[in-house]
Amino acid sequence: MRGGLKSAILLIIGATSAAPALSEVGPFSITNVSDALVRAYNAEDAAAFHEFLAPSLQAKYPVEALRTALVRCRVLTHDIFRLSTPSWGSRRFGFFAVYAETRVFEMVLEIDENEKILHWVITDNVTAKDQQCTVSHVS
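The rules behind each value
- Residues numbered from 1 in each chain as written.
- Predicted model: local features only at pLDDT ≥ 70, side-chain atom pairs only at ≥ 80, totals over all residues.
- Heavy atoms only, no water.
- Helix = DSSP H or I, 4+ residues; strand = E, 2+ residues; numbered from the N terminus.
- Expected span 1.5 Å × (residues − 1).
- Buried < 20%, exposed > 50% of the residue type's maximum accessible area, 1.4 Å probe, protein only.
- Contact = heavy atoms within 4.5 Å.
- 1 Å grid on protein atoms, 1.4 Å probe; cavity = no way out; pocket = protein on both sides within 12 Å on 5 of 7 lines; lining within 4 Å.
- Points joined across faces, edges and corners; volume = space filled by probe spheres on them.
- Nonpolar A, V, L, I, M, F, W, Y, C, P; charged D, E, K, R; others polar.

This part takes up helix α2 (residues 29-42). In this model α2 runs 20 Å from its N-terminal to its C-terminal C-alpha over 14 residues, within 8% of the 20 Å that 1.5 Å per residue would give. Those residues of α2 not exposed but buried are S29, I30, V33, S34, A36, L37, V38, A40 and Y41. Structurally, α2 contributes buried residues whose contacts are with α3 (46-51), α5 (63-77), β1 (80-83), β3 (93-100), β4 (104-111) and β5 (117-123). Residue E44 follows α2 closely and has a positive phi angle near 55 degrees.

Next comes the structure, spelled out in structure tokens:
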């Protein structure tokens, strides 16, 4: 191998190994997060639910504020019996059917690269401007 080519290859290898690796969410991340949040939701455990939030949402929703948000949600749904697999989405975003005690709802869930919640809503009208059950930066 010529000296220049060898140096170029070593430079590329060094640059790529020095670059910070972005966390890639796995193929089941959105489903795993949704299952865990439903367990915390049904247990009415705002502190556990809080741990699933991205840091920016944790700042917006301290545990007591999150507890209030979850009470509003549970008035709508009561317990959630099960979720569908995502009917549409990707590794970081999904639309689910929520089979709740009161009826079937839709759930939208978005997670970041660290599998933390960025946006979550349960609704019977996904296009409505105001949502009773939401934890998000979107108002």
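The space that makes up the largest pocket amounts to roughly 200 Å³. In terms of lining residues, the largest pocket is bounded by 10 residues, among which A128, K129, Q131, T134 and V138 are the most central. Looking at side-chain class alone, the lining of the largest pocket contains 4 nonpolar, 4 polar and 2 charged residues.

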